[in-house]
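Listed below, chain by chain, are the residues.
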Amino acid sequence: MELNEIKKKLSGNLKESRYTHTLGVAYTASAMAMALGADIQKAFRAGLLHDCAKGYPIERQMKLCSQYGIILTREMKESPQLLHSALAPYIARDCYGNEDAEIASAVECHTTGKPGMSLLDKIIFIADYIEPGRKDIPGLSEARRLAFSDINQCLLKIIENTMQYLKSRDQAIDPRTTETHEYYKEGDHT
Ligand SMILES: [Fe+2]
Ligand SMILES: [Fe+2]
C-alpha cells in the first residue's frame, strides 16, 4: 500500500493524538535509520504501522486476537495495552497490505521488546518512547541522547525505566519485558 494511503487510513482509524504520535514515531524512526545506516523507508513504514491496532476498543481487540489465533496470556488480560502490539502484524498485513516480515516483527515487539531484537525492532521500540510528542515519562532526555549515541544502552535504559515505573505503580511487568531485560543487561548478544 502507498504511504499516503496508509496515512489516510490511519488518520481515520486512530484518534487525533494517537495519529500525531504515530507520525512522530515514523519520523523519529526514519531519523534513527539515517543515523545508523538502516533502511529509512522501512523504518518510516514500520513507525506508521506500529500502533495500527490501537484504534479498536479493547473488546474488539480481544475478539480479533481470538480470530487470529493469538492466545491471550494472563498478562494480556490484565494489561490490555499489550493486545495492540500482538495484533499489529495481522492488522498491518490485512488492513494496510504489509508483506514485510521485518516490519511485522518490529510492530509486534514494540511494547515489550524481545530477546535478539533486529536493528529495526530496536529503532521502533526506541522511537515509540522518544518521539517529539512524548512528555512526562521517566528518563526521557537521557533516552533521547542515547538513541543517537548508543542504541543498546538506550534500549536497556528504556526497559529499566519502564520496569521501575510499573513497579512503582504496583503494576504487573510482562514476562517478555523481563526476558528482554535479562537478555540485554549483559550487553547486546548480536
Ligand atoms: Fe503501542
Ligand atoms: Fe506507540
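Not measured: the values here are computed from a predicted model. (Residues numbered from 1 in each chain as written. Chains lettered and ligands numbered in written order. Predicted model: local features only at pLDDT ≥ 70, side-chain atom pairs only at ≥ 80, totals over all residues. Heavy atoms only, no water.)

## With respect to the coordination of the iron ion (ligand 2)
What counts here: For Na, K and Ca the donor cut-off is 3.2 Å, and for all other metals it is 2.8 Å, counting N, O and S atoms only; because water is absent from this set, sites may look incomplete. Sites are called tetrahedral only when four donors show all angles between 85 and 135 degrees, square planar or octahedral only when four or six donors show opposite pairs over 155 degrees and all other angles between 65 and 115, and irregular in any remaining case. When a residue's accessible area, from a 1.4 Å probe over protein chains only, is under 20% of the maximum for its type it is buried; when over 50% it is exposed; and in between it is partly exposed.
Here the iron ion (ligand 2) is held by His-21 (NE2), His-50 (NE2), Asp-51 (OD) and Asp-128 (OD), and the distances to it run 2.2 to 2.3 Å. Coordination at the iron ion (ligand 2) is irregular: its four donor atoms span angles of 80 to 174° at the metal. Motif for the iron ion (ligand 2), donor spacing along one chain: H-x28-H-D-x76-D. The distance between the iron ion (ligand 2) and the iron ion (ligand 1) comes to 3.4 Å, with Asp-51 serving as a donor to both metals. Under the relative-accessibility criterion, His-50 is labelled buried at 0%.

## Focus on the layout of surface pockets
The criterion, for reference: Cavities and pockets were defined on a 1 Å grid built from protein atoms only: a cavity is a group of points that admits a 1.4 Å probe but offers it no way out, a pocket is an open group of points flanked by protein on both sides within 12 Å along at least five of seven lines, and a lining residue is one with an atom within 4 Å of any such point. Grid points are joined across faces, edges and corners, and a volume is the space filled by probe spheres set on the points. Each helix is a run of H or I in the DSSP string that is no shorter than four residues. Each strand is a run of E no shorter than two, and both are numbered from the N terminus. Following the grouping adopted for this structure description, the nonpolar residues are Ala, Val, Leu, Ile, Met, Phe, Trp, Tyr, Cys and Pro, the charged ones are Asp, Glu, Lys and Arg, and the polar ones are all others, Gly among them.
The volume enclosed by the largest pocket comes to roughly 820 Å³. If you go around the largest pocket, you meet 30 residues; those closest to its centre are Gln-81, Thr-111, Arg-134, Thr-162 and Leu-166. Sorting the residues of the lining of the largest pocket by element identifies α2 (16-36), α5 (74-78), α8 (119-130) and α10 (151-168) as the ones contributing at least two each. By residue class, the composition of the lining of the largest pocket is ten nonpolar, eleven polar and nine charged. Counted as a void, the second largest pocket has a volume near 200 Å³. Around the second largest pocket sit Ile-71, Thr-73, Glu-75, Met-76, Leu-82, Ser-85, Ala-86, Glu-108, Thr-112, Asp-174, Pro-175 and Arg-176, which together line it. Only α5, α6 (83-96) and α11 (175-185) provide two or more residues apiece to the lining of the second largest pocket. When its residues are assigned to classes, the lining of the second largest pocket shows five nonpolar, three polar and four charged.

## Regarding the packing of aromatic side chains
Basically, it comes down to this: Two aromatic rings from Phe, Tyr or Trp, using only the six-membered ring of Trp, form a pair when their centres are within 6.5 Å; if the ring planes differ by under 30 degrees the pair is stacked, by over 60 it is edge-to-face, and anything between is tilted. Lysine NZ or arginine CZ positioned within 6 Å of the ring centre and within 35 degrees of the ring normal marks a charge as sitting over the ring.
Summed over the entire model, instances satisfying the criterion amount to three aromatic pairs. Summarising the aromatic geometry, the rings of Tyr-27 and Phe-44 are spaced 5.0 Å apart at their centres and angled 70° between planes, so their arrangement reads as edge-to-face. With Tyr-27 in helix α2 and Phe-44 in helix α3 (residues 40-49), this pair connects stretches of sequence that are 17 residues apart. By relative accessible area, Phe-44 is classed as buried at 8%. The ring centre of Tyr-96 lies 5.2 Å from the NZ or CZ of Lys-9, which sits over that ring.

## What to know about the packing of α3 against helix α7 (residues 101-108)
Note the cut-off: A fitted line through C-alpha atoms serves as each axis, taken over the contacting stretch for helices, and the angle formed by two N-to-C directions is quoted from 0 to 180°. What sets the label is the angle itself: under 35 degrees gives roughly parallel, over 145 gives roughly antiparallel, 65 to 115 gives roughly perpendicular, and the rest give oblique. Left-handed describes a crossing whose near helix is turned anticlockwise from the far helix by less than a right angle; the clockwise case is right-handed. We call two residues in contact when some of their heavy atoms are within 4.5 Å.
Between α3 and α7, whose axes approach to 9 Å, the crossing angle comes to 45°. Between α3 and α7, the crossing angle belongs to the class labelled oblique. Once α3 is placed against α7, the crossing between them reads as right-handed. On α7, the residues touching Lys-42, Arg-45, Ala-46 and Leu-49 of α3 are Glu-102, Ile-103 and Val-107.

## Re the coordination of the iron ion (ligand 1)
The coordination sphere of the iron ion (ligand 1) contains the protein donors Asp-51 (OD), His-84 (NE2) and His-110 (NE2), at a distance range of 2.1 Å. Mapping the donors of the iron ion (ligand 1) onto the primary sequence gives the spacing D-x32-H-x25-H.

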